[in-house]
Amino acid sequence: MPALNLIFRSGSNRVFGWRCSLFLAVAITRGGELSGQTSTNLSPTSPPPAIQSTCATPAASNPAGGGGIYTQIAIDPGVYGKRDTSGLTVFGFSQENQNLPADPQVLAMSPNIVSRAWQRWDRGGVQRSDYNWSYLTQVRAAGIVFIGGTTATALFMDEFPTASAFNAVVSCDATGKPVLHPPMKLHRASLASPAYRQYIISIGEIQIDGGVDGLFFDEPDFSFDGATSGNENDGDEGFDDANIADFGGFLCGKYPNYSPADWHSKYGITTADNLNCSKSAATRGRMFNYRGYLARNGWQASPLTKSNPLAAEWGTIVEGHPEPKNGTFTGTYTSLVYWQDIVLTLRNYARQKYKKEIYITANGIFPFVDFQMQGLWGGNPDGPGGSSVNYCPRTADGHLDGTQSLLAAFMAIKQRSARIDGRVVPVTAFIDWPTDVMTDYLSLPTSEKSDYWRMYLPEALAATVYLNLHLADTVGDPTATQLGLMPLFEQTAAFYKVPAHAALYHNIIDLPGRVTASAANIGTNLTQLSDGRTVAHLINHNYSQGFQEQDGVRVSFPIARAPGSVILVSPDYGADTPVAFSYSGGQVQVTVPKLVAYVAVVSN
């Protein structure tokens, strides 16, 4: 995306050029469900005001099987990728415009993967001639996996210059009007629109034709933001014809036995709203006049109000964190219908044309990906009870607060991935930008930026989360070279790419056993490798404008039998170091002579 891409993520939201409120309205609970007979007509009350739509042409039919909640959505097995991820340990984040030469930082650091090298933005990247394919050639020749991609919902009028083409893909608010997002003057596309999905699929196909190893999709679930009265992320968006047609089908699929009396008593739906569930599974509910229903009840200005009984069925979005199993329309269809269609189509394109498996990922935690790419920004739901985690903790005077551990947050991201996807796939994270987290990180003194990576990269790895080393973005932030971080990044990449080191962070099981350390403020996690080895990870959080080295740290942790040897592995050491140990009572005890930032105690 070009340098003008001024997305600012604050709270769970991303705001163009300015901060905003945190979350959309919380989901609304409603009462019990009763069954009834197949729909017939009711006498209408007052007819809804006529609303002329200019938004998003619907699909021809409901999803296969008729749609409904997550248990009713058919999942094609082909949507899952088969490309091996075991060689991906060191992730580098460097995004630049598609026509630029290779980022020399990527070639110098040589990560296993550059995880979002390109992102189509506006019309930059809609044609094959927009790309400098020599960058891809250079990176792949160096053995680096190259991920391209596109924004998934940001929509500019020049992408669809005729009114009819634009109206066929743009989302809108509850009055049927497209929503303008200042100051970038962009809109949100409706992923419910088959025409728009095909548009971004075609961009992915261009990049697959060019040889990328995979695709990253930004903001797949942002069609529901809203921006009324200058307050972006109020949720008043996504009420376009395409979404509403699918919503009607969702309701009929979820409650197939409701009678007209049920719909009226539970939701106030009348014949005038045209929710007809008596049709075939392919067409039932698709003529639902939801905007008319909202207008008649005075809910157009705030369609997610608690007064609206259908608001709970529509649901709310915490961006980048879909909840397919929450039983709502937006929770289910954004990920299991629209996202599945995009992923499956692109995988099949690569398979059929090139007999190739590609990596696919998205910003957040989504199903069907090969690895997660969780952007780190404020207002996330990664803390206890859905609270927000501060991914760049600072002291009151602006220094890095290295006393704060992020281990629990990284574990929570991994656990969310397993819950949402249903499989165990690699989980990665990156400092998203422009965000409050990136702003705080860039404000740190130079030495403390280095310490951030020395502390939180291994802490993420201790949780088997791969934190991207940040090299460059497209909004003019200083590069790693300009910040003086490249020597550290090159050393770090070289250390974790050593096969014996990389093996410590793949195919692991988190163990419940407790790691005890004689020093305070040591973050710990205990893991078991597929070959049976046990690893105790130690992260030093004794910190005040620099690491306070801990010497002679006595460590113990449980293992089933006495080890043959114990090795200390650390980027702070010159080499992997055997250490004396004792074993009694099911515990191995060692003394770590020096703990600066991180040590892995590997019991063989």
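What comes next is a walk through the structure. (Residues numbered from 1 in each chain as written. Predicted model: local features only at pLDDT ≥ 70, side-chain atom pairs only at ≥ 80, totals over all residues. Heavy atoms only, no water.)

### Here we look at the overall build of the chain
- Per the secondary structure count, the chain includes 14 helices and 25 strands.
- For 604 residues, the compact-globule estimate of 2.2 N^0.38 gives 25 Å, and the C-alpha radius of gyration of the chain, at 26 Å, lies within 12% of that figure.
- Expressed along its principal axes, the backbone C-alpha trace of the chain runs to roughly 85 × 55 × 50 Å.
- Counting over 604 residues, the chain shows a buried share of 61%.
- With an accessible surface of roughly 21500 Å², the chain has 54% of that area assigned to carbon and sulfur atoms.
- Treating the 42 positive side-chain charges of the chain as one cloud and the 51 negative ones as another, the clouds have centres 6 Å apart. (Helix = DSSP H or I, 4+ residues; strand = E, 2+ residues; numbered from the N terminus. Rg over C-alpha atoms; globule rule 2.2 N^0.38 Å. Buried < 20%, exposed > 50% of the residue type's maximum accessible area, 1.4 Å probe, protein only. Areas by Shrake-Rupley, 256 points an atom, 1.4 Å probe, with all protein chains shown as cover. Lys, Arg positive; Asp, Glu negative; His and termini not counted. Charge placed at Lys NZ, Arg CZ, Asp CG, Glu CD.)

### Quick notes on the sheet that holds strand 17 (residues 516-517)
- Pairing is antiparallel across the open sheet formed by 4 strands, whose spatial order is 17-20-24-23. Each of the sheet's edge strands pairs with one partner strand only, and the pair in question is strand 17 and strand 23 (581-584).
- Judged from the 4 bridges that link them, strand 23 and strand 24 (residues 587-595) form a sheet pairing that is antiparallel. Its bridge partner being in strand 24, Ser584 is matched across the sheet by Gln587. (Pairing = 2+ DSSP bridges.)

### Thoughts on the side chain of Asp221
- Inspection of the secondary structure puts Asp221 in the loop between strand 8 (214-218) and strand 9 (227-228).
- In this structure Asp221 comes out as buried when scored by relative accessible area, which is 1%.
- Aside from chain neighbours lying at most four places away, what touches Asp221 is Ile317, Val318, Glu319, Gly320, His321, Pro322, Thr334 and Phe366. (Contact = heavy atoms within 4.5 Å.)

### Overview of the packing of aromatic side chains
- Counting across every chain of the model gives 50 aromatic pairs.
- When the ring of Phe247 is compared with that of Phe250, the centres are 6.2 Å apart and the planes differ by 20°; the resulting orientation is stacked. Here Phe250 and Phe247 lie together in helix 5 (residues 241-254), a separation of 3 residues that amounts to about one turn.
- Between the aromatic rings of Tyr255 and Tyr258, the centroid separation amounts to 4.5 Å while the plane-to-plane angle is 10°, which identifies the pairing as stacked. (Phe/Tyr/Trp six-rings, centres within 6.5 Å; stacked < 30°, edge-to-face > 60°.)

### Overview of helix 11 (residues 436-443)
- The complete set of buried residues in helix 11 reads Asp436, Val437, Met438, Asp440 and Tyr441.
- For helix 11, the capping residue at the N-terminal end is Thr435, with a side-chain oxygen 3.3 Å from the backbone nitrogen of Val437. (Polar contact = N/O pair within 3.5 Å; in protein donor to acceptor, adjacent residues only side chain to side chain.)

### Thoughts on the pattern of salt bridges
- Under the counting rule described, the total for this entry stands at 22 salt bridges.
- Salt-bridge contacts for Arg296 lead to Asp273; the nearest nitrogen and oxygen are separated by 2.6 Å. Of this pair, Arg296 sits in helix 7 (residues 290-296) while Asp273 sits in the loop between helix 6 (260-267) and helix 7, placing them 23 residues apart in sequence. Side by side, Arg296 and Asp273 carry an identical accessibility label, which is buried.
- Among the charged side chains, a salt-bridge network with shared partners connects Arg83, Arg140 and Asp213. (Salt bridge = Lys/Arg side-chain N within 4 Å of Asp/Glu carboxyl O.)

### With respect to the sheet that holds strand 18 (residues 522-529)
- Spatially, the 6 strands line up as an open sheet ordered 16-18-19-25-21-22, and their pairing is antiparallel. Every interior strand has two partners, whereas the edge strands, strand 16 (508-510) and strand 22 (577-578), have only one.
- Bridge count between strand 19 (residues 534-540) and strand 25 (residues 598-603): 6 bridges; the pairing is antiparallel. The residue bridging Thr534 from the neighbouring strand is Ser603, located in strand 25.
- Sheet contacts for helix 12 (residues 446-462): strand 16, strand 18, strand 19 and strand 25; angle to strand 19, the most-contacted strand, approximately 150°. (Axes fitted to C-alpha atoms, helices over the stretch in contact; angles between N-to-C directions.)

### A closer look at the pairing of strand 21 (residues 566-569)
- Neither face of strand 21 is open: one carries Val566 and Leu568, the other Ile567 and Val569, and all of them are buried.
- In the sheet, strand 21 pairs with strand 25 via 4 bridges, with the strands oriented antiparallel. Within strand 25, the position partnered with Leu568 by the bridge is Val601.
- Summarising the sheet, strand 21 and strand 22 pair through 2 bridges and their orientation is antiparallel. Across the sheet, Leu568 pairs through a bridge with Thr577, a residue of strand 22.

### Points about the packing of helix 12 against helix 13 (residues 486-497)
- Their axes nearest at 11 Å, the elements helix 12 and helix 13 cross at an angle of 20°. Judged on the interaxial angle alone, helix 13 and helix 12 are roughly parallel. Where helix 12 crosses over helix 13, the two elements pack in a sense that is right-handed. Note on element contacts: helix 13 touches helix 12 through Leu488, Phe489, Thr492 and Tyr496, opposite Ser450, Trp453, Arg454, Leu457, Pro458 and Leu461.
- Of the residues in the contact of helix 12 with helix 13, the class split is 7 nonpolar, 2 polar and 1 charged. (Parallel < 35°, antiparallel > 145°, perpendicular 65-115°, else oblique. Left-handed = near helix turned anticlockwise from the far one by under 90°. Nonpolar A, V, L, I, M, F, W, Y, C, P; charged D, E, K, R; others polar.)

### Observations regarding the nonpolar core
- One finds Tyr290, Tyr441, Trp453 and Phe489 to be the most contacted residues of the largest nonpolar core, which totals 154 residues.
- Of all the elements, helix 9 (residues 329-354) adds the most residues to this core, at 12 residues.
- Excluding anything up to four places from it in sequence, Phe489 contacts Met109, Trp453, Leu469, His470, Leu471 and Ala480.
- Ranked by size, the runner-up nonpolar core spans 20 residues in total, among them Ala519, Leu538, Val553 and Ile559. (Core = buried A, V, L, I, M, F, W, Y, C linked by side-chain atoms within 4.5 Å.)

### Remarks on helix 13
- Taking 1.5 Å as the rise per residue, helix 13 with 12 residues should run 16 Å; its terminal C-alpha atoms sit 16 Å apart, in good agreement.
- Every buried residue of helix 13 is listed here: Met486, Leu488, Phe489, Thr492, Ala493, Phe495 and Tyr496. (Expected span 1.5 Å × (residues − 1).)

### Section: unusual backbone geometry
- Following Pro182, the chain continues to Pro183 via a peptide bond in cis, the omega torsion being -5°.
- Mapped onto the elements of the fold, Pro183 is located in the loop between helix 3 (163-167) and strand 7 (187-188).
- The linkage connecting Trp433 with the following residue, Pro434, adopts the cis geometry, with an omega of -15°.
- Of note, Ser110 is a non-glycine position whose phi angle comes to about 55°, a positive value.

### Section: the environment of Leu304
- Within the secondary structure, Leu304 sits in the loop between helix 7 and helix 8 (311-314).
- A relative accessible area of 13% means that Leu304 is categorised as buried.
- Considered as a pair, Leu304 and Thr57 are 247 residues apart in the sequence and their alpha carbons are 23 Å apart.

### Here's the deal with the environment of Asp370
- As for its placement among the helices and strands, Asp370 is situated in the loop between strand 11 (359-362) and strand 12 (372-376).
- Asp370 sits 227 residues away from Ala597 along the chain, and the two C-alpha atoms are 31 Å apart.
- Not counting residues up to four positions away in its chain, the partners in contact with Asp370 are Gly81, Lys82, Thr85, Arg347, Ile358, Tyr359, Ile360, Val425 and Pro426.
- A distance of 2.8 Å separates the side chain of Asp370 from the side chain of Arg347, its partner in a polar contact.

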